[in-house]
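Here is how the chains run, residue by residue.
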Amino acid sequence: MTTEQLSASDPTAIARACELLRAGEVVAFPTETVYGLGANGLDPIAVGKIFEAKGRPNDNPLILHVSSFEQALPLWQASQDQLQHARQLAEAFWPGPLSLVLPASSVVPKEVTAGLNSVAIRAPANPVAQALLMECEFPLAAPSANLSGRPSPTSADHVATTLSGCIAAILDGGITDLGIESTVLDIREFPPSVLRPGSISKKQIEAVTGDVRLATNTSNAPSPGTRHRHYQPQGMRLRLVDAEAIAAKWDEAAAILCFEDTAQAQSTRSKPVISLPRDVTAFGAELYSALYTLEQSGEKLLYVEKVPDTPEWDAIRDRLARAAEN
Ligand code: AMP
Ligand code: MG
């Protein structure tokens, strides 16, 4: 299959992407978090193509993307209390990186929910994603647009790195803003529970709804995707180490990803090193891109400096822990 390259700045690109999606094809598109691999979320055959292209385990459900809260309503079969809670959160965080989990209605194919009786839905804030959803009029099922197990893509080039030739098109809308996926929040019960930490922090949600729980990453985690290994640069083992170990390994034959101040305290290095800011948002925006760059180096080992053990780093710690072998 030849993958069409569509530029979001081309006025015909949205219509073409939508035409492909309406025909049951899969198309990668930018969201404010990472690139998504979209298909018509009401068409089981189209949704099946997402799993096939990504090599995604079929126990890992997909998030449905919608253009408005109203478009989400027929996809849920929820009580008045649950819907009221959803509306409160959507008013606070949509469009944005918060996926809300409620019981699924019968219009949602079981391929989307991976057989669960709930479905996660969000309205993305990226203008290209919004234009696409408005044009399509159906919800888009969209996981991250990468081969399963690899880092999530924050540029059209990253998408092409792992999926070129396997999907109908890539809609290029530049580099994504946040770089860390949405927070998945189960609101079937009160207090709600964070199934996957993401770009919206537990603290931000608490400010709207009060108490919030954090589900732990165990083998029977309620969010199936958090059981799988993910975010791995190809051909490299990734080890998480502290700043002292980074200093001790500075002259080793390995790639390094660390904080800027850690790198600044050292001499220049002949082996690949990328340093990132201590600001969580800036770090998150650059993390996956750094992994894609470092995997090009041909090094077999990547040392990554551990991030702080504080709540604001929850989402990034989660991603690094799943990418690491230790
Ligand atoms: P991705 O789209 O690759 O970012 O992965 C989507 C994440 O959302 C995975 O961790 C899924 O397990 C999680 N997810 C999607 N739908 C549900 C659901 N109904 N219940 C729990 N987790 C979900
Ligand atoms: Mg993913």
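Residues numbered from 1 in each chain as written. Chains lettered and ligands numbered in written order. Predicted model: local features only at pLDDT ≥ 70, side-chain atom pairs only at ≥ 80, totals over all residues. Heavy atoms only, no water.

**Description of the packing of aromatic side chains**
Enumeration over the complete set of coordinates arrives at 7 aromatic pairs. Judged by centre distance (5.5 Å) and plane angle (50°), the rings of phenylalanine 259 and phenylalanine 283 are tilted. Placement of phenylalanine 259 in strand S13 (residues 255-259) and of phenylalanine 283 in helix H11 (residues 280-295) is noted, with a sequence separation of 24 residues between them. In this pair, the class of phenylalanine 259 matches that of phenylalanine 283, namely buried. Members of the aromatic cluster, each reached through a chain of ring pairs, are Phe69, Trp76 and Trp94. (Phe/Tyr/Trp six-rings, centres within 6.5 Å; stacked < 30°, edge-to-face > 60°. Helix = DSSP H or I, 4+ residues; strand = E, 2+ residues; numbered from the N terminus. Buried < 20%, exposed > 50% of the residue type's maximum accessible area, 1.4 Å probe, protein only.)

**Focus: the pattern of salt bridges**
Here the structure, examined in full by the defined rule, presents 20 salt bridges. Between arginine 122 and glutamate 32 there is a salt bridge, and its shortest N-O distance comes to 2.8 Å. Of the two residues, arginine 122 is situated in strand S6 (residues 118-122) and glutamate 32 in the loop between strand S2 (27-30) and strand S3 (35-40); the sequence distance between them amounts to 90 residues. Accessibility classification places arginine 122 together with glutamate 32 in one group, the buried group. (Salt bridge = Lys/Arg side-chain N within 4 Å of Asp/Glu carboxyl O.)

**Considering the pairing of S6**
The element S6 is largely enclosed, with a buried count of 5 among its 5 residues. By the alternation rule, side chains of S6 split into Ser118, Ala120 and Arg122 and Val119 and Ile121, which are all buried. Here strand S4 (residues 63-65) runs beside S6; their pairing, made up of 3 bridges, is parallel. Of the residues in S6, the one forming a bridge with leucine 64 is isoleucine 121. (Pairing = 2+ DSSP bridges.)

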